[in-house]
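Below, each chain spelled out in residue letters.
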Amino acid sequence: MAGWDDGGFECFCRSDPALLAWCDMTDLKKLIRPLVRELHAYVPGEQPKIKGLIKLNTNENPYPPSPKVLVAVKASVDGRLRLYPNPTAERLREKLARLHRCCSENIIIGNGSDELLALAVRAFVEPSPKSRVQSPKSIVQYFTPSYSLYPVLAETHGAATQGVPLNPDFSLPSLPELKRAKVWDFQAALTLITTPNAPGGRGYPTSELEKLCRAQKGVVVLDEAYVDFADENALALATKHPHVIVSRTFSKAYSLCFQRVGYFVGHPELIAALHKMRDSYNVNGLGQIAAEATLEDLGYYRANFKKIIATREGLSRRLTELGFRVLPSQTNFILARPPRFPAKEWLQTLRDQKVLVRWFSAPEVQEYLRITIGTEAEAAALVRAVRRILPG
Ligand SMILES: Cc1ncc(COP(=O)(O)O)c(C=O)c1O
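None of these values were measured; they are calculated from a predicted model.

Enquirer: What is the right way to read the sheet that holds strand 8 (residues 262-265) from this model?
Expert: Pairing within the open sheet is mixed, and its 7 strands lie in the order 2-8-7-6-5-3-4. The open sheet terminates on both sides in strands that have one partner only, identified here as strand 2 (107-110) and strand 4 (160-165). Neighbour-to-neighbour, the strand axes of this sheet turn through a mean angle of 20°, independent of strand direction. In the sheet, strand 7 (residues 244-249) pairs with strand 8 via 4 bridges, with the strands oriented antiparallel. Paired with Ser 247 across the bridge in strand 8 is Phe 264. Of the strands in this sheet, strand 2, strand 7 and strand 8 are in contact with helix 5 (residues 90-100), which crosses strand 2 at around 125°.

Enquirer: Where do I start with the sheet that holds strand 10 (residues 333-337) in this structure?
Expert: Paired through backbone hydrogen bonds, the strands of a sheet run either parallel or antiparallel to each other. Across the sheet, which stays open at both edges, the 3 strands sit in the order 9-10-12 with antiparallel pairing between neighbours. For this open sheet the edge positions go to strand 9 (325-326) and strand 12 (369-372), each flanked by a neighbour on one side alone. Inspection of the sheet shows strand 9 paired to strand 10 by 2 bridges, in the antiparallel sense. Note that in strand 10 the partner of Arg 325 across the bridge is Arg 337. Sitting on the sheet, helix 13 (residues 298-321) is in contact with strand 9, strand 10 and strand 12, with an inclination near 10° to strand 10.

Enquirer: How should I be thinking about the packing of helix 4 (residues 67-75) against helix 12 (residues 285-295) in this particular structure?
Expert: Two quantities define a packed helix pair, namely the angle between the axes and the distance from one axis to the other. One way to put it is that helix 4 packs onto helix 12 with a least axis distance of 8 Å and a crossing angle of 150°. In terms of orientation, helix 4 lies roughly antiparallel with respect to helix 12. Crossing hand, helix 4 versus helix 12: right-handed. Two secondary-structure elements touch here, helix 4 through Lys 68, Val 69, Ala 72 and Val 73 and helix 12 through Leu 286, Ile 289, Ala 290, Ala 293 and Thr 294.

Enquirer: Looking at this structure, how should I read the site of the ligand?
Expert: In the vicinity of the ligand, the residues found are Gly 112, Ser 113, Asp 114, Tyr 147, Thr 194, Asp 223, Ala 225, Tyr 226, Thr 249, Ser 251, Lys 252 and Arg 260. Measuring from an oxygen atom of the ligand, one finds a backbone N or O atom of Ser 113 at 2.7 Å. Contact between the ligand and Thr 249: an oxygen atom at 2.6 Å from a side-chain N or O atom of the residue. When the residues that make up the shell around the ligand are grouped by side-chain class, the tally is 3 nonpolar, 5 polar and 4 charged.

Enquirer: Explain the pairing of strand 7 here, please?
Expert: Judged by how many residues are buried, strand 7 sits mostly within the fold: 6 of 6 residues are covered. The two faces of strand 7 match: Val 244, Val 246 and Arg 248 on one face and Ile 245, Ser 247 and Thr 249 on the other face are all buried. Taken together, the 4 bridges between strand 6 (residues 219-223) and strand 7 define a ladder with parallel strand orientation. Residue pairing across strands places Asp 223 opposite Ser 247, the latter belonging to strand 7. With respect to chirality, the unit in which strand 6 leads through helix 10 (residues 235-240) into the neighbouring parallel strand 7 is right-handed.

Rules used in this analysis
Residues numbered from 1 in each chain as written. Predicted model: local features only at pLDDT ≥ 70, side-chain atom pairs only at ≥ 80, totals over all residues. Heavy atoms only, no water. Pairing = 2+ DSSP bridges. Helix = DSSP H or I, 4+ residues; strand = E, 2+ residues; numbered from the N terminus. Axes fitted to C-alpha atoms, helices over the stretch in contact; angles between N-to-C directions. Contact = heavy atoms within 4.5 Å. Parallel < 35°, antiparallel > 145°, perpendicular 65-115°, else oblique. Left-handed = near helix turned anticlockwise from the far one by under 90°. Near = heavy atom within 4 Å. Polar contact = N/O pair within 3.5 Å; in protein donor to acceptor, adjacent residues only side chain to side chain. Nonpolar A, V, L, I, M, F, W, Y, C, P; charged D, E, K, R; others polar. Buried < 20%, exposed > 50% of the residue type's maximum accessible area, 1.4 Å probe, protein only. Right-handed = clockwise from strand over helix to strand, strands pointing away.

Written out as structure tokens, the structure is:
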């Protein structure tokens, strides 16, 4: 019987001359859909294989999950792993519904919020060939700069992308400004807003977001991946406006990147549409258990938010003193323009000093480094590295 131990594609291909010849003769690219051939994949931040680097590049939380979460996960690693998990993460949805004072029908859990963002594109946006004049029904709209996954999701689906610039300081353009500029589409099928913004870090007032939501005719997703580090959140808009969905994740503030758990809060009709599109068992069982246990120990996480915010403010001050231009942040990272030489060079120079940060090539942000807020000790190590790099 065929099994995983009987060869594998690589060995099979190399050891079978007939298959090798077939591969040579066939243009395998032709077997791939034209749309997929043209795609550019999302580039995630580096997960380094070498030890000893201070990892400030992917906005992970520097503190571990609560000890109660670790106990709950370890206690679940037994013979039950043979069973499928609850298909809709029912208990987790009920707990979240109590937390957010809504019903579990308002909530869908995803394999990270990334999965849900992809489902939103597939459920709410019509694919359309590039050659055709784009109807608003095919438009995925977002501000630039914001989460670089959005255009990738739209392109994967064959939808049109509409990236509209934020103000030069990465603040949100006002409604009259958007109307005047005429590039914003108030009819777009799906509008994705990162709030607080990434990679800029700015928080947006809920009152401004509400004005924008009111003006949009299509679905609006407020992506609040970093909201626990901010002064305000816009969750109330999801229960007030039927076309508004708020996206949250356990990855950043709740130290669970590894488990991949995110969720949407929205009107039951939109949420039901997303349920239709997801895999039957989209959220793994240990992830569900970890997220449930997280909600039982929110005090632990709130204490961590405070530590991270204090480190963020201290690091911003020290980098400013060293000549960096640090943008105000409401997240667990800062966007900072380094002095003396280009940001791309800083990326490598800091890596040589064993500090890993992130640099994006997009024109609006290529002069900046995005630096995740680590522990106090990691922030101090970064400052020491910067001092060593800066001449004099
Ligand atoms: C703005 C934003 N939204 C969503 C996500 C995805 O988070 P998750 O880990 O829940 O998929 C990220 C991750 O970097 C992010 O930066």
